[in-house]
Amino acid sequence: MNYRLEDVTALFDGLFMPRYQTRLVRGGDEPLYLPADDACPWHRVIFARGFYASALHEISHWCIAGARRRGLEDYGYWYLPDGRDADQQRQFELVEIAPQALERLFSHACGRTFQVSVDNLGAVDVDRDDFAARVAARAERYLREGLPARAAAFHQALIAFYQQGVSCEAAVASGQRLLARAKERCAAPSSDQVVG
């Protein structure tokens, strides 16, 4: 399979630019989320160094972030670079389980192998296998209970494009149908924000 950044960017932008004014952007050494501002009229999910896995990871964070957080640079989250102590690493892993679970599902939808990221090469011992098991369990829970609406739409578009071989436009349309159904459910009094 040929994994082109242009494809994942076209899928993301096609799905989310019209409704959320958000684009996927190739960046430099560090990923970043930037809300629209005076210099740029759309929000930017910036992934690191042209890495496909980084694009999927940053999309995962965006798919989880609520409207208020999407108005803040990097969603208003803290980030401590490599070299965290044991407590800081536990906090990092707690907030990373859900996005990495989505990244796992997105990777599998593309037919790619997923590797968890503990993102810490410091002196602290990190139980990578335990973290991987928690991420896998969360991914299974998403499959049972439903993904957040934007994540479900992107997941559907990836499956359509990579597994079913439809065009980018048709894959985007399949994701947009899920978004439209989720919007209809949100308008209903007993709505729920996940799509199964």
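Everything quoted here is computed from the prediction, not taken from an experiment.

Student: What am I meant to see in the packing of helix α1 (residues 5-20) against helix α6 (residues 168-187) here?
Tutor: Each packed pair of helices is defined by two parameters, the angle between the axes and the distance between the axes. Orientation of α1 relative to α6, taken along the N-to-C sense of each, is 40°, at an axis distance of 9 Å. Comparing their axes, α6 and α1 come out oblique. Regarding α1 and α6, the two cross each other, and that crossing is right-handed. Across the interface between the two elements, A10, L11, G14, L15, F16, P18, R19 and Y20 of α1 pack against C168, A171, V172, G175, Q176, L179, A180 and K183 of α6. Tallied by class, the residues present in the contact of α1 with α6 amount to 11 nonpolar, three polar and two charged.

Student: It is not clear to me how the packing of aromatic side chains should be interpreted in this structure. Could you clarify?
Tutor: One pair of aromatic rings is described through two measures. These are the centre distance and the angle between the planes. Tallied over the entire structure, the rule returns 13 aromatic pairs. Seen in terms of ring centroids, F12 and F154 are 6.2 Å apart; in terms of plane orientation they differ by 70°. Their pairing is edge-to-face. Here F12 is found in helix α1, whereas its partner F154 is found in helix α5 (residues 149-163), with 142 residues between them in sequence. Looking at F12, the relative accessible area reads 0%, which means it is buried. Residue class for F154 comes out buried when judged on its relative accessible area of 0%. Among the aromatic residues, ring-to-ring pairing joins F12, F16, Y20, W62, F106 and F154 into one connected group. Looking at R150, its charged tip hangs above the ring of W62, at a distance of 4.5 Å from the centre.

What counts and how
- Residues numbered from 1 in each chain as written.
- Predicted model: local features only at pLDDT ≥ 70, side-chain atom pairs only at ≥ 80, totals over all residues.
- Heavy atoms only, no water.
- Axes fitted to C-alpha atoms, helices over the stretch in contact; angles between N-to-C directions.
- Helix = DSSP H or I, 4+ residues; strand = E, 2+ residues; numbered from the N terminus.
- Parallel < 35°, antiparallel > 145°, perpendicular 65-115°, else oblique.
- Left-handed = near helix turned anticlockwise from the far one by under 90°.
- Contact = heavy atoms within 4.5 Å.
- Nonpolar A, V, L, I, M, F, W, Y, C, P; charged D, E, K, R; others polar.
- Phe/Tyr/Trp six-rings, centres within 6.5 Å; stacked < 30°, edge-to-face > 60°.
- Buried < 20%, exposed > 50% of the residue type's maximum accessible area, 1.4 Å probe, protein only.
- Lys NZ or Arg CZ within 6 Å of the ring centre and 35° of its normal.

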